[in-house]
Amino acid sequence: MRIFIYLTLIIVLLLASLAIVNIPLSVVKSYLNDNFPEITFSELEGTIWSGRIENVSYAGQRLGDLNTDMDLRNLNFSLIDSGVELKGTVKVNRYIFSNQIEFQNTNLLISSKLLMRNLPNVSELIGENLNFIFDFDRCYEISGNARANILRKNVLNLGSDISLIADLSCKEGQLYGSFISAPNENYLSGFFYVDNKLNYNLTASSKNIFSRISKILNEGILVNPEIKVSGNLYELFYGD
């Protein structure tokens, strides 16, 4: 009798394991639609353990197919398409226990001219080894390297290309970044904030540009003026 009970339990556990293994990835469709309405896709294939989200688009522009591979602790993802590369890990256990989303060792490259049509002087946006903890209300921690490669020859004909290198952190629940240009530190520097609704505020100044303007006007500019820009990142990519 005891052997029969053990065999029954083993069979039940095996069937339960098979059911879990074969849970389709499509079960997360409503979650993605509710929490990430800016991101669209056509199909969800495979299981929650190994699947593919096809034709992922952001701001109306196709990014590619996102491949996923998950165990009980980590969700690994990768997307490599023309003009867009994204690869990293999401910590599953952090979301389960604290309802926070944690990205680890995440790398991002955007060089699509169509996606960055409203940033005509930017050739690439790059994030390297990003570690990011946040929820839908606030930013908690972030580290890693971020930079934008600028076609400087298109800006006041100042010569060769440069990069804006950003140091990222979280301040008062918002994503904060201070940036400086390289190799010429005088070309541009400043800082920006991004909130949980993707609204941004950016403040920048350029000793190089205003020095040139001062010479053109034949008079000195004693104060380096600041340029302030605000808007929404989604609208920046989506807008005409």
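In this section: the nonpolar core. The biggest cluster of nonpolar side chains holds 36 residues, and the ones touching the most others in it are V56, L63, L168 and F179. Contacts of L63, omitting those with residues within four sequence positions, involve V56, S57, Y58, L79, D81, V84 and L115.

Two aromatic rings are characterised by how far apart their centres lie and by the angle between their planes. Counted according to the given criterion, the structure contains 9 aromatic pairs. Aromatic pair F179 and F192: ring centres 6.3 Å apart, planes at 25 degrees, arrangement stacked. Within this pair, whereas F179 is found in strand 11 (residues 174–182), its partner F192 is found in strand 12 (residues 189–194), the two being separated by 13 residues in sequence. Across this residue pair, the class does not change: F179 and F192 are buried. One aromatic cluster is present, built from ring pairs that chain together F77, F103, F132 and F134.

Moving on to the side chain of S57. As for its placement among the helices and strands, S57 is situated in strand 3 (residues 50–58). For S57, a relative accessible area of 13% puts it in the buried group. If we ignore the near neighbours within four places in the chain, the residues touching S57 are E38, I39, T40, R62 and L63.

Here we take up a nonpolar patch on the surface. On the surface, a nonpolar cluster with roughly 240 Å² of combined accessible area is contributed by Y31, Y95 and F136. Tracing the sequence through the fold places F136 in the loop between strand 8 (122–134) and strand 9 (139–150). Here F136 falls in the partly exposed class, since its relative accessible area comes to 35%.

All told, the structure shown has 1 disulfide when counted by the stated rule. Covalently, C139 is tied to C170 through a disulfide, its sulfur atoms 1.7 Å apart. Looking down the S-S bond of the C139 and C170 bridge, the torsion is -45 degrees, so its handedness is left-handed. Residue C139 is located in strand 9, and its partner C170 is located in strand 10 (residues 162–171); the two are separated by 31 residues in the primary sequence.

Conventions we followed
Residues numbered from 1 in each chain as written. Predicted model: local features only at pLDDT ≥ 70, side-chain atom pairs only at ≥ 80, totals over all residues. Heavy atoms only, no water. Core = buried A, V, L, I, M, F, W, Y, C linked by side-chain atoms within 4.5 Å. Buried < 20%, exposed > 50% of the residue type's maximum accessible area, 1.4 Å probe, protein only. Contact = heavy atoms within 4.5 Å. Phe/Tyr/Trp six-rings, centres within 6.5 Å; stacked < 30°, edge-to-face > 60°. Helix = DSSP H or I, 4+ residues; strand = E, 2+ residues; numbered from the N terminus. Patch = residues over 30% accessible without salt bridge, like charges linked within 9 Å, V, L, I, M, F, W, Y side chains within 5 Å. Areas by Shrake-Rupley, 256 points an atom, 1.4 Å probe, with all protein chains shown as cover. Salt bridge = Lys/Arg side-chain N within 4 Å of Asp/Glu carboxyl O. Disulfide = S-S within 2.5 Å.

Functional significance is not addressed by these values, which are geometric in nature.
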